[in-house]
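Secondary and tertiary structure notes
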Amino acid sequence: MKEKEPNLEENEADEKYGCLTFKPGCLQRMNNIRCHVLWQCVFCFFEGFIVNGVINVVLVALEKRYSLPSSKSGLIASANDFGSIICSVLVGYFGEQRHKPKLMGTGVLIMAAGCFVFSLPHLIGENYRYTLSAGADNVTQNMCAVSGNETGNCGSTESDYVPESYTASYALLMLGNVLLGIGASPMFTIGLSYIDENCKAKLTAFYISWTFCAAAVGVAIGYVVGGQTLSIFVDINNVDPASVPLTPADPQWVGAWWISPLIALIGFFVVILPLYGYPRRLPSYKEVQKQRAVEAHAGGDEITAQANFGKSWRDFPKSVWLLITNPTYVLICCGAAVEALIIGGMATFGAKLIQEKFNVDITWAGTVMGIITIPGSGGGMLLGGYLVKKFKLKCRGIIRVCAGFMLAAFCFGPFMLAHCPSDPLAGLDHPYTVEKSTSGLVSSCNTDCGCTTEGFEPVCVEDIVYFSPCHAGCLSSDTQNGVKSYFNCSCVYSATANMTNEYSDLSMIPGLCTGKCDWVWVFCVLFLVVMILTFATMSPGVTALFRCVPDKQRSVGIGVNLLFVRLVGTTPGPILLGAIIDSTCTIWQDTCGTQGSCWLYDKGTMGVRIMLWFMILKMCGFLLFVLASVVYKPPAEESVDHTVTVAHVNISNTANDKTEFTRL
């Protein structure tokens, strides 16, 4: 019995723009691929803004606010991929046969909920507490208290609440980012295939590059806006900023990280209704499909060409099997995963690297990352899409372009070695002036002060940094006209006082001794070049995936790719780079025996380890793309002309009777 073919034009209303029965003629101007791509660009802007911009730049604030090492803060960034992994393949497979714009709109609604959940730790939590030498609200003391007690404030009630409260906050941060990942899955699977099936083949890479470019601009704006909000004190809604004895330059400063997610929430609500209005297929769909040419890797197309393929759970394992037995597809996915390892890690910790390597505050670092990201990622993706369109590249040529960009980026790997000189730290890099050798932060001159590393309040004297006034052995302090002075510091002697073994009242400057150096500009320029070369592989890579699989596998193909890239690339990327950064830590925060965030890093070691990580991954990606171009098998010449009746053609007979095939 002949199966009923799917009717793509049950009535003209199915191709009109609008919600429910409200489909006026004035709205039909939006019912085209250009306007749909515009709304996808708006979505991608806010998705990039919150996921890869804001969250990445506020991780430094979250580390200090909730006492997290970089490996744990990297796990917050990776939580987005956990949500995507859950949904990407299923949405890609079953969404192909369903109303794609409505699924995309539902995903945006879930992302709005994720933004709200991500902000909850601040909205329902207690005020931030810090450790300083000057008394104020929510402050524990950081001066030398000669009592023989080395546990600081661990016996007081102030610190008893910390672990339990932070556990709940950490869980909410993770959950919020998981929801963001789930909500974005439809747009980056069926959303991309919706563009591909409703536009000319030569324009696919161009339109996709615009959506990626919008995401890149969103990332840049997210870095800038997120960085600027970090210059506002975290509890601005609960306390008077004038009463806070901290400035953004203080190591213990925590900015208002929660403001930007609420901005993104508003942006997502703007996008929901326009996306819901689009029909299942645009009016241009049928004409576009008639002009399509098949470029899928040879083999398997006769299975996917069956009329009902992909509409049942039973076809799902077969569909996945066809993908994993497509060597070109598998190698492209592996190359994309390697690239995602780098992008995931550097996007998460790029601002922190600039802050730590070049002695700048996170607001300045976030702004610089935003400025670099606009021409870097956005320009790179437009460049990749433009080259595919300009030279009308086929699948093999597109893959080779990706390989070339990865090799070029590999050559710039040594830029990671750039950094500013580190200040010598008393007790570790330089002996206390009353000691002849380094013996650690706690020495004979401050052993009775009860100093801890719970709070980092550096002071500088004669180009030597002391971890805190307590570690300098200072018994008292005074603030005149906004300038803080310390007195009776048992670990600091002047040259003359050293002769008589007297305490020194030398001028001790709060903060580090040195600021940023000229190397920061060299690093930023080279970082821009590397970013362009890295992101130039994005839109060509997606286009190559579409070209090397049969038409009916485009959505599930991009879904499986997204699953694999997230699972192997962007999920472990931040965790891996965070662990590399943590491995170079020299002083950890210690709150009553509980390790928190890192205060100081070995910059030289950090540069070497990150450079090796970067160059090894780039070389692996280059080899994978080269191998993909070698194993790719283009389809036979007779299958290039793609028509609607291809599902009813006996493909096994086409080689024997080309004339009959032409008549069909």
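This is a predicted model, so every value here is computed, not measured. (Residues numbered from 1 in each chain as written. Predicted model: local features only at pLDDT ≥ 70, side-chain atom pairs only at ≥ 80, totals over all residues. Heavy atoms only, no water.)

**Considerations on a positive patch on the surface**
- Together, R34, K200, K202, K389 and K392 line one region of the surface with positive charge.
- Residue position: K389 is located in helix α12 (residues 362–390). (Patch = residues over 30% accessible without salt bridge, like charges linked within 9 Å, V, L, I, M, F, W, Y side chains within 5 Å. Areas by Shrake-Rupley, 256 points an atom, 1.4 Å probe, with all protein chains shown as cover. Salt bridge = Lys/Arg side-chain N within 4 Å of Asp/Glu carboxyl O. Lys, Arg positive; Asp, Glu negative; His and termini not counted. Charge placed at Lys NZ, Arg CZ, Asp CG, Glu CD. Helix = DSSP H or I, 4+ residues; strand = E, 2+ residues; numbered from the N terminus.)

**Observations concerning the layout of surface pockets**
- Here the second largest pocket is characterised by a volume of approximately 900 Å³.
- Along the wall of the second largest pocket there are 42 residues; nearest its centre are E356, F456, L512, W599 and L600.
- Taken together, the elements giving at least two residues each to the lining of the second largest pocket come down to α1 (33–65), α11 (327–358), β8 (585–591) and β9 (594–601).
- Counting residues per element, the lining of the second largest pocket draws most heavily on β9, which supplies 5 residues. (1 Å grid on protein atoms, 1.4 Å probe; cavity = no way out; pocket = protein on both sides within 12 Å on 5 of 7 lines; lining within 4 Å. Points joined across faces, edges and corners; volume = space filled by probe spheres on them.)

**Quick notes on the confidence of the model for the protein chain**
- Overall, the prediction assigns the protein chain a mean pLDDT of 80, with 80% of residues at 70 or greater.
- Taken element by element, the protein chain is modelled with least confidence in helix α20 (residues 658–663), mean pLDDT 38, and with most confidence in helix α19 (residues 603–631), mean pLDDT 95.
- The low-confidence segment residues 1–11, where pLDDT is below 50, has 7 contacts with residues more than four positions distant or belonging to other chains.
- Per-residue pLDDT stays below 50 along residues 156–164; that stretch engages in 9 contacts with residues further than four places along the chain or on separate chains. (pLDDT = per-residue confidence, 0-100. Contact = heavy atoms within 4.5 Å.)

**Points about the state of the cysteines**
- The final tally for this structure, using the stated rule, is 7 disulfides.
- The disulfide bridge from C144 ends at C449, spanning 1.9 Å between sulfur atoms. Negative torsions about the S-S bond denote left-handed disulfides, and the value of about -70° found for C144 with C449 makes this one left-handed. Taken together, the positions of C144 in the loop between β2 (139–141) and α4 (162–184) and C449 in the loop between α13 (395–410) and β3 (459–461) put the pair 305 residues apart, joining distant regions of the chain.
- Bridging C451 to C470, the disulfide has an S-S length of 2.0 Å. Across the S-S bond of C451 and C470 the torsion is about -100°, and the bridge reads as left-handed. Placement of C451 in the loop between α13 and β3 and of C470 in the loop between β4 (464–466) and β5 (474–480) is noted, with a sequence separation of 19 residues between them. The pair C451 / C470 is uniform in exposure class, with both members buried.
- Here C333 stays unpaired: no disulfide links it, and the sulfur of C334, its closest cysteine neighbor, is 6.9 Å away.
- Assessed through its relative accessible area of 4%, C333 is described here as buried. (Disulfide = S-S within 2.5 Å. Buried < 20%, exposed > 50% of the residue type's maximum accessible area, 1.4 Å probe, protein only.)

**A closer look at α1**
- Across its 33 residues, α1 extends 45 Å between first and last C-alpha, which sits within 8% of the 48 Å expected from 1.5 Å per residue.
- Within α1, the axis deviates most sharply at L59, by approximately 45°.
- Most of α1 sits inside the fold, with 27 of its 33 residues counted as buried.
- Between a side-chain oxygen at the N-terminus of α1 and the backbone nitrogen of R34 the separation is 3.1 Å; the capping residue is N32.
- Just beyond α1, the residue with positive phi is S67, at close to 55°. (Expected span 1.5 Å × (residues − 1). Bend = angle between axes of the 7 residues up to and from the residue. Polar contact = N/O pair within 3.5 Å; in protein donor to acceptor, adjacent residues only side chain to side chain.)

**Looking at a nonpolar patch on the surface**
- A grouping of L417, V608, L612 and I616 is seen on the molecular surface, where their side chains present a nonpolar patch of about 330 Å² in accessible area.
- Relative to the helices and strands, V608 is located in helix α19.
- The class for V608 is partly exposed, based on a relative accessible area of 38%.

**Looking at the sheet that holds β3**
- Strand order in the open sheet formed by 3 strands is β4-β3-β7, with antiparallel pairing between adjacent strands. Every interior strand has two partners, whereas the edge strands, β4 and β7 (509–510), have only one.
- As paired elements, β3 and β4 share 3 bridges and run antiparallel to each other. Its bridge partner being in β4, C460 is matched across the sheet by V465. (Pairing = 2+ DSSP bridges.)

**Quick look at the pattern of salt bridges**
- Under the counting rule described, the total for this entry stands at 4 salt bridges.
- Among the salt bridges present, the one from K352 reaches E63, with a minimum N-O distance of 2.8 Å. Taken together, the residues span a long stretch of sequence, with K352 in helix α11 and E63 in helix α1 at a distance of 289 residues. Across the pair, exposure class does not vary: K352 and E63 are buried alike.

**A look at unusual backbone geometry**
- The phi dihedral of N359 is positive, around 55°, even though this residue is not glycine.
- Note that N359 resides in the loop between α11 and α12.
- Look at K392: it is not a glycine, yet its phi comes out positive at around 50°.
- Tracing the backbone shows K392 in the loop between α12 and α13.

**Thoughts on the side chain of N56**
- As for its placement among the helices and strands, N56 is situated in helix α1.
- Of the polar contacts made by the side chain of N56, one reaches the backbone oxygen of N52; its length is 2.7 Å.
- Apart from residues lying up to four places away in sequence, N56 is in contact with V51, A77, Y223, A347 and T348.

**A word on the packing of aromatic side chains**
- Evaluated as defined, the whole model comprises 22 aromatic pairs.
- Arranged with centres 6.2 Å apart and planes meeting at 50°, the rings of F43 and F188 form a pair that is tilted. Of this pair, F43 sits in helix α1 while F188 sits in the loop between α4 and α5 (190–197), and the two are 145 residues apart along the sequence. Across this residue pair, the class does not change: F43 and F188 are buried.
- Taken together, the ring pairs connect F43, F45, F46, F49, F188 and F268 into an aromatic cluster.
- A cation over a ring is seen here: K389 above F206, with NZ or CZ 4.3 Å from the ring centre. (Phe/Tyr/Trp six-rings, centres within 6.5 Å; stacked < 30°, edge-to-face > 60°. Lys NZ or Arg CZ within 6 Å of the ring centre and 35° of its normal.)

**Here's the deal with the nonpolar core**
- Counting 147 residues, the largest nonpolar core has F43, I50, L62, I76, W257, F268 and I610 as the members making the most contacts within it.
- No other element matches α1, which puts 18 residues into this core.
- Sequence-distant contacts of F268, that is, excluding residues within four places in its chain, are made with F43, F46, E47, I50, V108, M111, A112 and C115.
- Counting 22 residues, the second largest nonpolar core, distinct from the first, contains F456, I464, V465 and V492. (Core = buried A, V, L, I, M, F, W, Y, C linked by side-chain atoms within 4.5 Å.)

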